Amino acid sequence: ISCPVGFYSNSVSVLNQTVKQCASCVLPCLTCNSATYCLSCTANLKLLGSVCQSSCPDQYYDSNGICFACSYPCNTCNITGCITCANSSLYLQRQ
């Protein structure tokens, strides 16, 4: 069964038969694969794992609404690399 945006395919048992139906994602999920597992978020929210939140936490950066982990030892980063380091590590910028 193909479901529209905001819904996911769900199997339910009716009179000892399995029936597929479209069930609604829980806001703020825009798309999901179960009631509580988001695949994308509504406008201005960021996806971290399967959860939508207002921003990416430290040690993560936002790329097109998805939070990606910084590489160690970065505390803050962007898609190109470290901005600040964790635990007083010395950051040497390539010239």
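Each remark here, short or long, concerns the structure printed above.
Residues numbered from 1 in each chain as written. Predicted model: local features only at pLDDT ≥ 70, side-chain atom pairs only at ≥ 80, totals over all residues. Heavy atoms only, no water.

J.: I'd love a proper account of the overall build of the protein chain, names of residues and values included.
T.: Scanning the protein chain from terminus to terminus reveals zero helices and 10 strands. For the protein chain, the succession of helices and strands along the chain, N to C, is β-β-β-β-β-β-β-β-β-β. If you line up the protein chain on its principal axes, its C-alpha atoms span 65 × 25 × 20 Å. When each of the 95 residues of the protein chain is scored for burial, the buried share is 23%. When contacts within the protein chain are restricted to residue pairs at least 6 apart in sequence, long-range pairs at least 24 apart make up 8% of them. Carbon and sulfur atoms make up 53% of the accessible area of the protein chain, which totals about 6800 Å². (Helix = DSSP H or I, 4+ residues; strand = E, 2+ residues; numbered from the N terminus. Buried < 20%, exposed > 50% of the residue type's maximum accessible area, 1.4 Å probe, protein only. Contact = heavy atoms within 4.5 Å. Areas by Shrake-Rupley, 256 points an atom, 1.4 Å probe, with all protein chains shown as cover.)

J.: Could you give an account of the nonpolar core, with specific residues and numbers?
T.: With nine residues, the main nonpolar core is built from Tyr8, Ala23, Cys25, Cys29, Cys32, Cys38, Cys41, Leu47 and Cys52. Formed by five residues, the second largest nonpolar core is a distinct cluster that contains Tyr61, Cys74, Cys77 and Cys82. (Core = buried A, V, L, I, M, F, W, Y, C linked by side-chain atoms within 4.5 Å.)

J.: Explain a nonpolar patch on the surface residue by residue, including any values.
T.: Taken together, the side chains of Val14, Leu15 and Val19 make up a nonpolar region of the molecular surface, amounting to roughly 290 Å² of accessible area. Taking relative accessible area as the criterion, Val19 reaches 34% and is therefore assigned partly exposed. (Patch = residues over 30% accessible without salt bridge, like charges linked within 9 Å, V, L, I, M, F, W, Y side chains within 5 Å. Salt bridge = Lys/Arg side-chain N within 4 Å of Asp/Glu carboxyl O.)

J.: Break down the side chain of Ser50 for me, with residues and values.
T.: Position of Ser50 among the secondary structure elements: in the loop between strand E5 (46–48) and strand E6 (51–53). On the accessibility criterion, Ser50 (17% relative accessible area) is buried. With near-sequence residues (within four places) excluded, Ser50 lies in contact with Thr36, Tyr37 and Cys38.

J.: Describe the state of the cysteines, naming the residues involved and giving the relevant values.
T.: For the structure on display, the rule yields seven disulfides. The disulfide that involves Cys74 links it to Cys82, with 1.5 Å between the sulfurs. Given an S-S torsion of about -80°, the disulfide between Cys74 and Cys82 has left-handed geometry. There is no split in this pair, since Cys74 and Cys82 are both buried. Of the cysteine sulfurs around Cys85, a residue in no disulfide, the closest is that of Cys82, at 4.8 Å. (Disulfide = S-S within 2.5 Å.)

J.: Can you break down the pattern of salt bridges residue by residue, with the values?
T.: If the charged atoms of two oppositely charged side chains come close together, the side chains can form a pair. One pass over the structure, following the stated rule, counts one salt bridge. For the salt bridge of Asp62 with Lys46, the shortest nitrogen-to-oxygen distance reads 3.1 Å. Of the two residues, Asp62 is situated in strand E7 (residues 60–63) and Lys46 in strand E5; the sequence distance between them amounts to 16 residues. When its relative accessible area of 38% is taken as the criterion, Asp62 is described as partly exposed.

J.: Go over the environment of Leu15 with me, naming the residues and quoting the values.
T.: With respect to the helices and strands, the residue Leu15 is situated in the loop between strand E1 (7–14) and strand E2 (17–24). The class of Leu15 is exposed, set by a relative accessible area of 80%. Sequence spacing of Leu15 and Thr36 is 21 residues, and the spatial spacing of their C-alpha atoms is 26 Å.

J.: Any chance you could break down the side chain of Lys46 for me, citing the residues and the numbers?
T.: A distance of 3.1 Å separates polar atoms of two side chains, one belonging to Lys46 and the other to Asp62. Ignoring any residue separated from it by four or fewer positions in sequence, one finds Lys46 in contact with Cys41, Val51, Cys52, Gln53, Ser54, Ser55, Cys56, Asp62, Gly65 and Cys67. (Polar contact = N/O pair within 3.5 Å; in protein donor to acceptor, adjacent residues only side chain to side chain.)

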